[in-house]
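As a plain string of letters, each chain reads:
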Amino acid sequence: LRQSSQRSGLTDFIQGGVGGRYNYNERDTLTASLSLNKRGNDARTSEHLTDFATGSVPVTDYRTRRSASGDALNHELVSGWERRFNTDGESLKVDLRHSSNTNNADTAALYQPLTLPLTGAPLLRNYTQNVETRVRLTDLSTDYSGKVGTGFLTAGGRWQRTRQTSDYRYLFLDSGSL
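A few points on the structure. (Residues numbered from 1 in each chain as written. Predicted model: local features only at pLDDT ≥ 70, side-chain atom pairs only at ≥ 80, totals over all residues. Heavy atoms only, no water.)

1. Quick look at the overall build of the protein chain
No. 1: For the protein chain, the helix and strand inventory stands at zero helices and six strands.
No. 2: Its C-alpha atoms give the protein chain a radius of gyration of 28 Å, clearly above 16 Å, the size a compact globule of 178 residues would have.
No. 3: With respect to the three principal axes, the spread of C-alpha positions in the protein chain is 85 × 35 × 25 Å.
No. 4: The 178 residues of the protein chain split such that 21% are buried.
No. 5: For the protein chain, contacts bridging at least 24 residues in sequence account for 68% of all contacts bridging at least 6.
No. 6: When the accessible surface of the protein chain is totalled, it reaches about 12400 Å², and 51% of it is carbon and sulfur. (Helix = DSSP H or I, 4+ residues; strand = E, 2+ residues; numbered from the N terminus. Rg over C-alpha atoms; globule rule 2.2 N^0.38 Å. Buried < 20%, exposed > 50% of the residue type's maximum accessible area, 1.4 Å probe, protein only. Contact = heavy atoms within 4.5 Å. Areas by Shrake-Rupley, 256 points an atom, 1.4 Å probe, with all protein chains shown as cover.)

Written out as structure tokens, the structure is:
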């Protein structure tokens with residue numbers, strides 16, 4: 001069995017964010033932030049596979065060309081409020097977060113058979129594929145910290161909603177091997 005491969009690719013990435021904190025009064029603080037990032041990638045692969053079985057003449061010989069490209073876009077928006085009470089260390093915090101992740105990927109494979117056996121040949125099906133995935137997350141959380149008797153209590157709660165959708169599309173460009 002002999003296999004040779006050549007691969008190349010390019011990935012780009014950009015990211016940014018901004019945030020702030022505002023002391024509304026002596027007890028209340030508001031916070032907010034926004035972050036974004038975007039990624040893209042492209043890749044190419046060429047392969048040549050030759051199977052000699054037990055002899056010196058190729059039994060199976062074919063080339064494959066694959067290409068892939070995709071991108072992802074992510075963002076997150078966070079807002080918060082904190083109330084500090086008169087008692088030392090007592091506070092109530094509320095945070096609301098919403099994030100989004102969208103991914104797209106396109107791939108294709110093309111096969112070029114050079115030598116294939118009449119029986120037992122590998123199934124070489126040219127294809128293209130498109131995949132899109134979206135994830136949305138909303139999160140609301142609250143935390144309370146304060147003195148209780150001679151001790152200290154920390155308690156909180158969280159509500160979360162996640163939505164995810166995926167779309168997979170395949171297209172086979174031919175019927176397969178010879």
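2. Quick word on the side chain of Asp139
No. 1: If you trace the backbone, Asp139 turns up in strand E5 (residues 127–148).
No. 2: A relative accessible area of 5% places Asp139 in the buried class.
No. 3: Polar side-chain contacts of Asp139 include one of 3.0 Å to the side chain of Arg158.
No. 4: Setting aside residues no more than four positions away along its own chain, Asp139 makes contact with Asp95, Leu96, Arg97, Arg158, Trp159 and Gln160. (Polar contact = N/O pair within 3.5 Å; in protein donor to acceptor, adjacent residues only side chain to side chain.)

3. Looking at a nonpolar patch on the surface
No. 1: A cluster of nonpolar side chains, contributed by Val18, Leu34, Leu36 and Leu77, occupies part of the molecular surface with about 350 Å² of accessible area.
No. 2: Accessibility expressed as a relative area gives 48% for Leu77, which makes it partly exposed. (Patch = residues over 30% accessible without salt bridge, like charges linked within 9 Å, V, L, I, M, F, W, Y side chains within 5 Å. Salt bridge = Lys/Arg side-chain N within 4 Å of Asp/Glu carboxyl O.)

4. Structural notes on the sheet that holds strand E1 (residues 2–23)
No. 1: An order of E1-E2-E3-E4-E5-E6 is seen for the six strands of this open sheet, with the pairing classed as antiparallel. The open sheet is flanked by E1 and strand E6 (151–172), the only strands paired with a single partner. When the angles between neighbouring strand axes are averaged without regard to direction, this sheet yields 10°.
No. 2: Relative to strand E2 (residues 28–51), E1 runs antiparallel, the two sharing 22 bridges. Paired with Ser8 across the strands is Arg44, a residue of E2. (Pairing = 2+ DSSP bridges. Axes fitted to C-alpha atoms, helices over the stretch in contact; angles between N-to-C directions.)

5. Let's talk about the side chain of Ser100
No. 1: Tracing the backbone through its elements, the reader meets Ser100 in strand E4 (residues 91–115).
No. 2: What makes Ser100 buried here is its relative accessible area of 8%.
No. 3: Polar side-chain contacts of Ser100 include one of 2.8 Å to the side chain of Arg136.
No. 4: For Ser100, the residues in contact, after removing those within four places along its chain, are Leu73, Asn74, His75, Val135 and Arg136.

6. Some words on unusual backbone geometry
No. 1: Positive phi is not limited to glycine here, since Ala53 has a value of about 55°.
No. 2: Checked against the element boundaries, Ala53 lands in the loop between E2 and strand E3 (60–84).
No. 3: Looking at Ala53, the relative accessible area reads 58%, which means it is exposed.

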